[in-house]
Amino acid sequence: MAKGIQAEIQQTKPFNTLEDEAVVSLQRTADQLLGRFSDMLKPHGLSPTQFNALRILRGAGAAGRSCREIAERMINRDPDITRLVDRLVRRGLAARSREARDRRVITTRITPAGLELLRSLDQPVQEFNRKSLGHLGDQQLRTLIKLLESAREPAS
C-alpha cells in the first residue's frame, strides 16, 4: 500500500488545503517519473528534453520544424531550444537548413541517425511507461488522464 505524500516527504504538519497536498503530490510524482526516465535515457546519451525534441521532429516528417514550433510542442518548457537543437545537430541526430522561399527561416529535421535512435528507444520507452503506470489498469489510467487534463485547464 502506498503511503501518503505527507509521510513520504516526512512532513510533520498537515497540509493547509487539499489543493496544497495535491500539488505537492503531483510535483513529487512528476519528479520521480522524470528522474527514472532520465536514468533510462542516459545510456543513450539523451536527456528527456532532447528525446522530446527528437520525437517532435520525427512527427514533423520531411517538413521539419522551426525552433519556435519545437518550443510550442515541448512537454517541459526549455528556455533555450536553440542550444538544445545545437546539441542534436552536433551529434548528427538532427540537421538544419535555410528555407529557399524565405532565407530567414531555419528548419530543423531529424536525420536517419536520429530516427534510428528513436526506433531503438520505442520499445524501452513503452516498457518504461508500462512498468511505471501499467499497474493502475485501463480504467484508472483513463481517470488519471481526465483529472490531469482538468488540472491543466485554466481556472475560471
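Residues numbered from 1 in each chain as written. Predicted model: local features only at pLDDT ≥ 70, side-chain atom pairs only at ≥ 80, totals over all residues. Heavy atoms only, no water.

Trainee: Could you clarify how one ought to interpret the overall build of the protein in this entry?
Mentor: Along the backbone of the protein there are 7 helices and 2 strands. Secondary structure of the protein in N-to-C order comes out as α-α-α-α-α-β-β-α-α. For the protein, the C-alpha radius of gyration of 19 Å lies well beyond 15 Å, the compact-globule estimate for 156 residues. Seen through its principal axes, the protein has C-alpha atoms that stretch 60 × 35 × 30 Å. Looking at the protein as a whole, 24% of its 156 residues are labelled buried. Summing over all exposed atoms, the protein offers an accessible surface of approximately 11200 Å²; the carbon and sulfur share of this is 53%. Put simply, the protein has 27 plus and 19 minus side-chain charges, and the middle of one group is 6 Å from the middle of the other. (Helix = DSSP H or I, 4+ residues; strand = E, 2+ residues; numbered from the N terminus. Rg over C-alpha atoms; globule rule 2.2 N^0.38 Å. Buried < 20%, exposed > 50% of the residue type's maximum accessible area, 1.4 Å probe, protein only. Areas by Shrake-Rupley, 256 points an atom, 1.4 Å probe, with all protein chains shown as cover. Lys, Arg positive; Asp, Glu negative; His and termini not counted. Charge placed at Lys NZ, Arg CZ, Asp CG, Glu CD.)

Trainee: Could you clarify how one ought to interpret the packing of helix H3 (residues 48-60) against helix H5 (residues 81-90) in this entry?
Mentor: The relative placement of two packed helices is expressed as an angle between their axes plus a distance between the axes. Where H3 contacts H5, the two axes come as close as 10 Å, and the packing angle between them is 80°. The orientation of H3 relative to H5 falls into the category roughly perpendicular. Between H3 and H5, the contacting residues are Thr49, Gln50, Ala53 and Leu54 on the first element and Leu84, Arg87 and Leu88 on the second. Here the residues of the contact of H3 with H5 are counted per class, giving 4 nonpolar, 2 polar and 1 charged. (Axes fitted to C-alpha atoms, helices over the stretch in contact; angles between N-to-C directions. Parallel < 35°, antiparallel > 145°, perpendicular 65-115°, else oblique. Contact = heavy atoms within 4.5 Å. Nonpolar A, V, L, I, M, F, W, Y, C, P; charged D, E, K, R; others polar.)

Trainee: Explanation requested: the packing of aromatic side chains in the structure shown.
Mentor: Each aromatic ring pair is summarised here by two numbers: the centre-to-centre distance and the angle between the ring planes. The full count for this structure, using the stated rule, is 2 aromatic pairs. Ring geometry for Phe37 and Phe128: centres 5.3 Å apart, planes at 50°, overall tilted. Separated by 91 residues along the polypeptide, Phe37 in helix H2 (residues 18-41) and Phe128 in helix H6 (residues 112-133) bring together distant segments of the chain. One aromatic cluster is present, built from ring pairs that chain together Phe37, Phe51 and Phe128. (Phe/Tyr/Trp six-rings, centres within 6.5 Å; stacked < 30°, edge-to-face > 60°.)

Trainee: Could you clarify how one ought to interpret the nonpolar core in this entry?
Mentor: Note that soluble globular proteins tend to have their nonpolar side chains buried in a common cluster. Within the largest apolar cluster, 23 residues are counted, with the highest numbers of intra-cluster contacts made by Leu46, Phe51, Leu54 and Ile70. Leaving out residues up to four positions away in the same chain, Leu54 has contacts with Leu46, Leu88, Leu93, Ile110, Leu117 and Leu118. (Core = buried A, V, L, I, M, F, W, Y, C linked by side-chain atoms within 4.5 Å.)

Trainee: Explain the layout of surface pockets to me, please; I cannot follow it from the model alone.
Mentor: Here the idea is plain: a probe the size of a water molecule rolls over the atoms and shows the empty space left. Considering only enclosed or pocket space, the largest pocket measures out at about 2000 Å³ in volume. Looking at the largest pocket, it is lined by 44 residues, and the ones nearest its centre are Thr29, Ala30, Leu33, Leu133 and Leu148. Of all the secondary-structure elements, those providing two or more residues to the lining of the largest pocket are helix H1 (5-8), H2, H3, H6 and helix H7 (137-152). At 14 residues, the largest contribution of residues to the lining of the largest pocket is made by H2. Split into classes, the residues belonging to the lining of the largest pocket amount to 24 nonpolar, 12 polar and 8 charged. (1 Å grid on protein atoms, 1.4 Å probe; cavity = no way out; pocket = protein on both sides within 12 Å on 5 of 7 lines; lining within 4 Å. Points joined across faces, edges and corners; volume = space filled by probe spheres on them.)

Trainee: Help me understand the side chain of Gln50 in this model?
Mentor: Looking at the element boundaries, Gln50 is found in helix H3. Not counting the four nearest positions on each side in its chain, Gln50 is found in contact with Gly45, Leu84, Arg87 and Leu88.

Trainee: I'm lost on H2 in this one. Help?
Mentor: Owing to its 3.6 residues per turn, the α-helix aligns residues three or four sequence positions apart on the same side. Counted at 1.5 Å a residue, the expected span for H2 with its 24 residues is 34 Å, and the 34 Å between its end C-alpha atoms agrees. Within H2 the residues assigned to the buried category are Phe37, Met40 and Leu41. Of the surrounding secondary structure, the elements contacted by the buried residues of H2 are H3 and H6. (Expected span 1.5 Å × (residues − 1).)

Trainee: Got a minute to help me understand unusual backbone geometry in this structure?
Mentor: Excluding glycine, most residues fall at negative phi; most peptide bonds, likewise, are trans. We note that Gln10 has phi near 55°; this positive angle belongs to a residue other than glycine. Here Gln10 is to be found in the loop between H1 and H2.

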